[in-house]
Every structure is written in C-alpha cells, then in structure tokens.
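The primary structure of each chain is shown beneath.
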Amino acid sequence: MYLNRILLSAVLVVGALIVQVSVLARLQLPGAVPDLLLLVLLGLAMVYGHTAGAVTGFLGGLLADLAPPAEHAVGRYALVLCVIGYVAGLTKPEGTQHRSATVPMLVVASAAVGSTLLYAGVGTLVGDTAAGHVALLPLLFTATLYDLLLAPFAVPLIMWAARRTERGVITSDASGVGSMGRSDKGAYGWLSSGTGLQVGGSSLFGKGRNGGTTRNSRNGKAIRMGIQRGSLLDRSSRKSRTGKIKGVKRL
C-alpha cells in the first residue's frame, strides 16, 4: 500500500532528476529548461493528494538542490516544490479521478508560472543577485511552453502508475471496517427479504417464533401482522449484526 507509493515516488523522482540533469539541461533551448521533475511531482500530487504532494515536492526539490551543477542555496527549490506539490494536491477529486485533461493541463500551466515566480522571489529574499538580471517574462513564457509540450507525454503515464498503487489502498479500505456501513445491505440484506429467511431465528417458509404467517398467506390482515412482527425481529437483531456480518464475509 503506502510502501508502493514511496517506492514509486522515489523511482520517478530520481529518474526524472537524472534525465533532467543529463539530457534536458544540455539541449540548450532558448529561455528555460523543461522541468520534468515538476511534471512528476504534479502527476503524483493529483493522485495522492496534498500531503503526499508536499512531502514529495520537498524531498525531490532537496535532491535537485544537491545535484550538480547546483549554484543556488540548498533548500531553495525544495521550498518551491513543497508549495507547488501541496497546491496541486488540492485539485485531487474526492473519491474519483480527473475525467478530462483540462484540469491537469491547467495545473501544469499554473505550476510552471508559479514555480518560476516563487524561485525568483526566494532568490531575491536570500540575496541571489542573478535573479535580478534575468528577463522574467521570456522565462515565464518558455517555461510554460516547454512544460505544456512535455506534459501530455509524461503526466498521464505518471498518474496511471500512481493509480495502480492506489488500487491496493482502495481494495483494503473496501474490505475493512470503514466500508461496513456501505456494504451492510449487500452482506445480510438477503437474510430478511424475499426468501422467507428471517434474522431472528425463524424457519425457512413456516411460522416464526411469534407466530408470523407464511409467505403465501391469503389473509391481508395476517400478512400485515407478519410484516410488523418481522420488523420487530429485525430491530431486536441489530445489536448482533456485526458478528453475523463477519460470519457471512468468511464464507
């Protein structure tokens, strides 16, 4: 479950950092450099949520700060990616996934602009003189353009791999106590309707303990009395439902 999350995040972050330093940084493109590490963070955050996004962003940014040829203060990019990962994780839908590419692409564009501005702002705060001599508008345009061009090839694959690890967590939650309330009817609803079986210990198609009539009775009044007694039996058996549910699930 969570071990799969950690392993997948570590492999993707380290792999993206290696590709970015050894390949993308040497392309000598005008303006900014395509930020594959940022795209990996966004894909993981949009599936795992804001907490995992913030932690992954901080650790991934710290690795980027330490990786050569880093010429800035350690922790600068870690702070930027921590904030970006947290905000991107807030776009995770509740209990479902993104149904279109519109929201992820908007997240990528916003993260490209936001990370560039945050990086320049933190550099100004820590006294980085190089941040004041860079043309910010061309840098913002090229960073957003490169990330949007690379995102359709990277982000869907990352989100798909992240969802594969999420299935184990969802399955375990569905079989645990948290989903017991949703599966009550499916687990024991067949015991009290339609088949003639009753929870309170009555027979298959005969009378119950309180003299309830059979399923094929022609007397309407007797049928109503049987229904009322069956509901009373159902209420009296609610206290012992937990044990019976577990017994059914083990079969």
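Now for a look at the structure at hand.

**Comments concerning the overall build of the protein**
Part 1 of the reasoning: Counting secondary structure elements, the protein contains 9 helices and 0 strands.
Part 2 of the reasoning: Of the regular secondary structure in the protein, the N- to C-terminal order runs α-α-α-α-α-α-α-α-α.
Part 3 of the reasoning: A buried classification covers 34% of the 251 residues belonging to the protein.

**Focus: unusual backbone geometry**
Part 1 of the reasoning: Unlike most non-glycine residues, glutamine 28 shows phi in positive territory, near 55°.
Part 2 of the reasoning: Looking at the element boundaries, glutamine 28 is found in the loop between helix H1 (2-22) and helix H2 (36-48).
Part 3 of the reasoning: Owing to a relative accessible area of 74%, glutamine 28 belongs among the exposed residues under this scheme.

**Quick look at the nonpolar core**
Part 1 of the reasoning: Counting 35 residues, the largest nonpolar core has Leu37, Leu39, Leu42 and Val155 as its most contacted members.
Part 2 of the reasoning: Mapped onto this core, the elements with two or more residues apiece are H1, H2, helix H4 (76-89), helix H5 (102-125) and helix H6 (136-174).
Part 3 of the reasoning: For this core, the element with the most residues is H2, which contributes 12 residues.
Part 4 of the reasoning: With sequence-adjacent residues up to four places away left out, leucine 42 is seen in contact with Ile84, Ala88, Val107, Val108 and Ala111.

**A word on the packing of aromatic side chains**
Two aromatic rings, taken as a pair, are described by how far apart their centres are and by the angle between their planes.
Part 1 of the reasoning: One pass over the full model with this rule turns up 1 aromatic pair.
Part 2 of the reasoning: Consider the rings of tyrosine 77 and tyrosine 119, whose centres lie 5.9 Å apart with planes at 85°: the pair is edge-to-face. Residue tyrosine 77 is located in helix H4, and its partner tyrosine 119 is located in helix H5; the two are separated by 42 residues in the primary sequence.
Part 3 of the reasoning: Exposure remark for tyrosine 77: the relative accessible area of 11% places this residue in the buried category.
Part 4 of the reasoning: Its end group placed over the ring of tyrosine 119, arginine 76 keeps NZ or CZ at 3.8 Å from the ring centre.

**Some remarks on the environment of alanine 162**
Part 1 of the reasoning: Assignment of secondary structure puts alanine 162 in helix H6.
Part 2 of the reasoning: Residue contacts for alanine 162: discarding those within four places in its chain leaves Leu8, Leu44, Val47 and Tyr48.

**Section: the packing of H2 against H5**
Part 1 of the reasoning: Axis separation between H2 and H5 bottoms out at 11 Å; the angle between their running directions is 130°. Taken together, H2 and H5 sit at an angle that is classed as oblique. The interaxial crossing formed by H2 with H5 has right-handed handedness. Packed against H2, whose contacting residues are Leu38, Leu39, Leu42 and Met46, the element H5 presents Pro104, Val107, Val108, Ala111, Ala112 and Ser115 at the interface.
Part 2 of the reasoning: Its residues placed into classes, the contact of H2 with H5 shows 9 nonpolar, 1 polar and no charged.

**Concerning the environment of leucine 139**
Part 1 of the reasoning: Position of leucine 139 relative to the elements: it lies in helix H6.
Part 2 of the reasoning: Its relative accessible area of 24% is what places leucine 139 among the partly exposed residues.
Part 3 of the reasoning: Expressed as a C-alpha distance, the spacing of leucine 139 and alanine 32, which sit 107 residues apart in the sequence, is 5.6 Å.
Part 4 of the reasoning: Contacts of leucine 139, omitting those with residues within four sequence positions, involve Gly31, Ala32, Thr116 and Val134.

Calculation rules
- Within every chain, residues take consecutive numbers counted from 1 along the sequence as written.
- Where local features are concerned, this predicted model is filtered to residues with pLDDT of at least 70; where side-chain atom pairs are given and counted, the filter is 80 or more; whole-chain, interface and lining totals use all residues.
- For the side-chain quantities, the full set of heavy atoms in the structure was used; hydrogens and water were omitted.
- Note on conventions: DSSP H or I runs of at least 4 residues are helices, E runs of at least 2 residues are strands, and numbering of each starts at the N terminus.
- Burial here depends on accessible area, computed with a 1.4 Å probe over protein chains only, as a share of the maximum for the residue type. Under 20% is buried, over 50% is exposed, and the range in between is partly exposed.
- Here, nonpolar core means buried Ala, Val, Leu, Ile, Met, Phe, Trp, Tyr and Cys residues that are tied together by side-chain atoms lying within 4.5 Å of each other.
- The contact criterion used is simple: two residues touch if any of their non-hydrogen atoms lie within 4.5 Å.
- Pairing of aromatic side chains here covers Phe, Tyr and the six-membered ring of Trp, requires ring centres within 6.5 Å, and sorts the geometry by plane angle: under 30 degrees stacked, over 60 edge-to-face, intermediate tilted.
- Working rule: Lys NZ or Arg CZ, within 6 Å of ring centre, within 35 degrees of ring normal, means a charge sits over the ring.
- To obtain an axis, a line is fitted to C-alpha atoms, over the contacting stretch when the element is a helix, and the angle between two such axes runs from 0 to 180 degrees between their N-to-C directions.
- Each angle is binned into one of four classes, with values under 35 degrees roughly parallel, values over 145 roughly antiparallel, values of 65 to 115 roughly perpendicular, and all other values oblique.
- The sense of a crossing depends on the near helix, which, turned anticlockwise from the far helix by less than a right angle, makes the crossing left-handed and, turned clockwise, makes it right-handed.
- The classification used treats Ala, Val, Leu, Ile, Met, Phe, Trp, Tyr, Cys and Pro as nonpolar, Asp, Glu, Lys and Arg as charged, and all other residues, Gly among them, as polar.

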